[in-house]
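Single-letter residue listing:
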Amino acid sequence: IPKRDWSSDVCSSDLNNPSAFQRTVFTWAGWINASSSAANGVIFSNRYNVGANYYGYMLFITNNTYLNFSTYNGNGGTNSTATYNGFAQNQKIHLVVTFNSGVLKIYRNGAVLYSTSSVTNPAFVAGSGALTFGGPAGYGGMVGLMDEVAYWNTDHTAADIQGLYLTYSNIYVGVVSANSS
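Along each chain, residues carry numbers from 1 onward, in the same order as the chain's sequence is written. Residues qualify for local features only when their pLDDT is at least 70, as the model is predicted, and side-chain atom pairs are given and counted only at 80 or more; totals for whole chains, interfaces and linings, by contrast, use all residues. Excluded from the side-chain calculation are hydrogens and water; included are all heavy atoms of the structure.

*Asks:* Whenever I open this one, the sheet that holds strand E8 (residues 103-108) confuses me. Can you help?
*Replies:* The strands that make up a sheet pair up through hydrogen bonds in the backbone, lying either parallel or antiparallel. Note on pairing: two strands pair once DSSP finds at least 2 bridges between them. Put simply, DSSP marks the helices as runs of H or I at least four residues long and the strands as runs of E at least two long, and each gets a number from the N terminus on. Taken in spatial order, the five strands of this open sheet run E9-E8-E7-E1-E11, and their pairing is antiparallel. Looking at the sheet topology across the chains shown, the edges are occupied by strand E9 (111-116) and strand E11 (144-152). Between one strand and the next, the sheet's axes are offset by a mean angle of 15°, whatever the strand orientation. Alignment of strand E7 (residues 93-100) against E8, held across six bridges, turns out to be antiparallel. Within the sheet, the bridge partner assigned to Asn-100 lies in E8 and is Val-103. Axis angles are defined between N-to-C directions and span 0 to 180 degrees, where every axis is a line fitted to C-alpha atoms and, for a helix, only to the segment in contact.

*Asks:* I would appreciate a short explanation of the pairing of strand E5 (residues 66-73) in the present structure.
*Replies:* Along any regular strand the residues' side chains alternate between the sheet's two faces. Relative accessibility thresholds used throughout: buried, under 20% of the residue-type maximum; exposed, over 50%; partly exposed, between the two (1.4 Å probe, protein chains only). Judged by how many residues are buried, E5 sits mostly within the fold: six of eight residues are covered. Here strand E4 (residues 53-62) pairs with E5 via eight bridges, running antiparallel. The residue of E5 that forms the bridge with Leu-59 is Phe-69. Of the strand pairs in this sheet, E5 and strand E6 (residues 80-85) are connected by six bridges, and their pairing is antiparallel. Across the sheet, the residue bridging to Ser-70 is Thr-81, located in E6.

*Asks:* What should I look at first to understand the environment of Ser-45 in this one?
*Replies:* Mapped onto the secondary structure, Ser-45 falls in strand E2 (residues 41-45). C-alpha of Ser-45 to C-alpha of Gly-56: the two residues are eleven residues apart in sequence and 7.8 Å apart in space. A polar side-chain atom of Ser-45 sits 2.9 Å from the main-chain amide nitrogen of Arg-47. We define a polar contact as two N or O atoms separated by no more than 3.5 Å, with the added condition that, inside protein, one atom must be a possible hydrogen donor and the other a possible acceptor, whereas residues neighbouring each other in sequence contribute only through side-chain atom pairs.

Take a look at the structure:
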């Protein structure tokens, strides 16, 4: 059973195989506590540039309360962005993002927070980019805490996500509801 201890864990992708994270179907999950001082910050990213063109995807916070998921298709800028306004900071939450060929769902503590089917698939350059948590080079990382991060190359169902949240929130009784570590 993972220990959600809010310590300085190290997480990195397989740098010998960055293409393993170039997916149009995935689930990302983690416990986060974004600081209110985090006006802007990357939660996770596989965004990279080749020359002047950007590829991949990124989940990030802007203007303190906006949670954004952007895709990039090599045209020099953002391909599409889905934005949720009302993201709470200074709270320890279980955040899950699923993406399946244009359908984006964001879950908070086991429940759907935001859903859209209007996100364009990202483009990738084989062998380029790496999956990063907390911010890629050249961008501000999320200010706050992140723990027990996971990434799957499948689209988890709502029942799967509810089960993940209930399993771990019950293990750490009081931690989630009391907002303490």
